[in-house]
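Listed below are the residues making up each chain.
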There are 2 protein chains.
Amino acid sequence: MTKEPSGKRDRLILAARELIHSQGVERTTLADVADASGVPLGNVYYYFKTKNELVEAVVNSRMQEMTDLLDTLDFLPSPVDRLKGMIQAAEAKVDEIVESGCPMGTLCTELEKRDDGLAEGAAALMRRHIDWVASQFRLMGHEDDAAEFAVAFVSGYQGAAVLTNALRDPQILIQESRRIQRWIDSLATSAG
Amino acid sequence: MTKEPSGKRDRLILAARELIHSQGVERTTLADVADASGVPLGNVYYYFKTKNELVEAVVNSRMQEMTDLLDTLDFLPSPVDRLKGMIQAAEAKVDEIVESGCPMGTLCTELEKRDDGLAEGAAALMRRHIDWVASQFRLMGHEDDAAEFAVAFVSGYQGAAVLTNALRDPQILIQESRRIQRWIDSLATSAG
DNA sequence: GTCTATAGTTTGATAGAC
DNA sequence: GTCTATCAAACTATAGAC
């Protein structure tokens with residue numbers, strides 16, 4: 001039993017993920033995380049030396065989540081299916097987005113307003129997303145426009161998430177999701 | 001001299017606007033605002049009973065800024081010019097957006113993660129923006145699609161702002177700005 | 001490894017002199 | 001109306017028993 005027999009570290013990260021998404025990094029206290037995960041406050045510091053280290057672990061956890069999603073989508077037969085699957089995955093989480101926005105987008109936005117280096121990890125998350133989308137457009141034959149299309153795709157989703165959250169209206173995400181899917185379809189027929 | 005002979009209230013709001021945009025509401029302390037505006041900390045409470053009241057004043061100030069922008073754009077000759085002018089106004093503030101994102105968007109995102117009623121004022125700001133854009137699309141003859149187009153327009157800008165800030169890349173905003181302007185042009189030729 | 005108690009800061013807010 | 005001094009609460013982080 002020299003290393004993590006009880007999974008407390010994972011529980012702390014899981015609780016921090018959710019609390020940070022719903023309340024933001026700044027308003028989430030270590031006492032909140034300790035309570036939510038059933039770990040005494042003092043014990044948190046055995047797993048994470050500082051609050052920032054816990055936040056960093058949450059960013060890494062979001063990166064893992066992204067990796068898992070991309071791995072799943074990669075099983076779909078065509079790039080069109082995969083891009084649509086990406087949007088549909090977001091659409092499946094409307095309620096969460098209405099309540100607290102995109103976990104990745106709001107995390108980036110919040111961390112960018114801080115001095116410490118935490119924003120870079122969050123930016124890497126966004127870059128990873130965009131790069132994967134670009135690779136799908138390349139597979140569709142849009143070699144030259146792949147990078148630009150990828151930014152438009154992710155940007156479209158992020159903007160929809162901001163508005164969906166700000167106006168607390170799930171229809172916004174659904175509407176934009178369909179708009180983006182129609183666009184993907186139109187790019188499929190007019191391949192490069 | 002019974003009411004505001006020195007403009008301190010305005011200076012406090014102005015300093016708070018900038019600090020909240022660059023650092024976020026949570027990390028901006030009243031001491032920060034007091035310092036930046038040259039007002040002693042204790043005196044801040046003469047003008048604003050609580051920190052939230054100051055934040056509310058900042059939201060109102062952003063609403064006024066939006067009103068001023070819309071009033072200016074309303075002088076342009078056509079709805080196409082006005083919509084393009086709106087995007088170009090954003091493009092003119094790229095540096096600010098690279099550094100800290102859209103003042104309105106990030107404010108909405110941050111306030112939505114709080115319990116107090118401050119998010120509603122920020123949402124009203126976003127709604128005002130969308131409504132004005134929708135009215136322009138209506139003037140272009142797109143009666144039926146105005147609401148949907150307006151959401152796509154504002155969503156496109158907000159998403160671009162999120163990515164521009166997260167990746168610290170001004171080209172993203174510029175590229176998306178042009179994409180949106182081309183779209184406006186295409187809607188002008190195919191009017192309803 | 002786990003947990004309680006508490007130290008040390010920061011910060012929102014107030015008291016009260018001028 | 002203005003400003004200094006300070007309180008009280010919240011929170012990160014540590015000390016040290018078990």
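The present account deals with the structure reproduced in this document. As the structure is a computational prediction, the values presented were derived from the model and not from experiment.

Bringing the overall build of chain A into the picture now. Looking only at helices and strands, one finds ten helices and zero strands in chain A. Secondary structure of chain A in N-to-C order comes out as α-α-α-α-α-α-α-α-α-α. Structurally, chain A occupies a C-alpha span of about 60 × 40 × 30 Å along its principal axes. With 192 residues in all, chain A has 54% of them scored as buried. The contacts of chain A with a sequence gap of at least 6 include a subset with a gap of at least 24, amounting to 70%. Carbon together with sulfur atoms contributes 51% to the accessible area of chain A, which is approximately 8,800 Å² in total.

This part covers helix α4 (residues 51-73) of chain B. In an α-helix, one full turn covers 3.6 residues, which means residues spaced three or four apart are oriented alike. All names here are of chain B. The end-to-end C-alpha distance of α4, which contains 23 residues, comes to 33 Å, matching closely the 33 Å that a straight helix rising 1.5 Å per residue would cover. Those residues of α4 not exposed but buried are Leu54, Val55, Ala57, Val58, Val59, Ser61, Arg62, Met66, Thr67, Leu70 and Leu73. For α4, the secondary structure elements touched by its buried residues are α1 (8-23), α2 (30-37), α5 (79-91), α7 (103-111) and α8 (118-139).

All right, on to the relation of the copies chain B and chain A then. For the pair chain B and chain A, the relating rotation is 180 degrees, the translation along its axis is 0.0 Å, and the fit reaches an RMSD of 0.0 Å. Such a turn and shift between the copies fits a two-fold axis. Measuring from the rotation axis to each C-alpha of chain B, the shortest distance belongs to Gly159(B), at 1.8 Å. When you check the interface residues of chain B against chain A, 100% turn up at the interface there too, and the contact is symmetric in its surfaces.

The rules behind the values
- Residues numbered from 1 in each chain as written.
- Chains lettered and ligands numbered in written order.
- Predicted model: local features only at pLDDT ≥ 70, side-chain atom pairs only at ≥ 80, totals over all residues.
- Heavy atoms only, no water.
- Helix = DSSP H or I, 4+ residues; strand = E, 2+ residues; numbered from the N terminus.
- Buried < 20%, exposed > 50% of the residue type's maximum accessible area, 1.4 Å probe, protein only.
- Contact = heavy atoms within 4.5 Å.
- Areas by Shrake-Rupley, 256 points an atom, 1.4 Å probe, with all protein chains shown as cover.
- Expected span 1.5 Å × (residues − 1).
- Least-squares fit on C-alpha atoms with pLDDT ≥ 70 in both.

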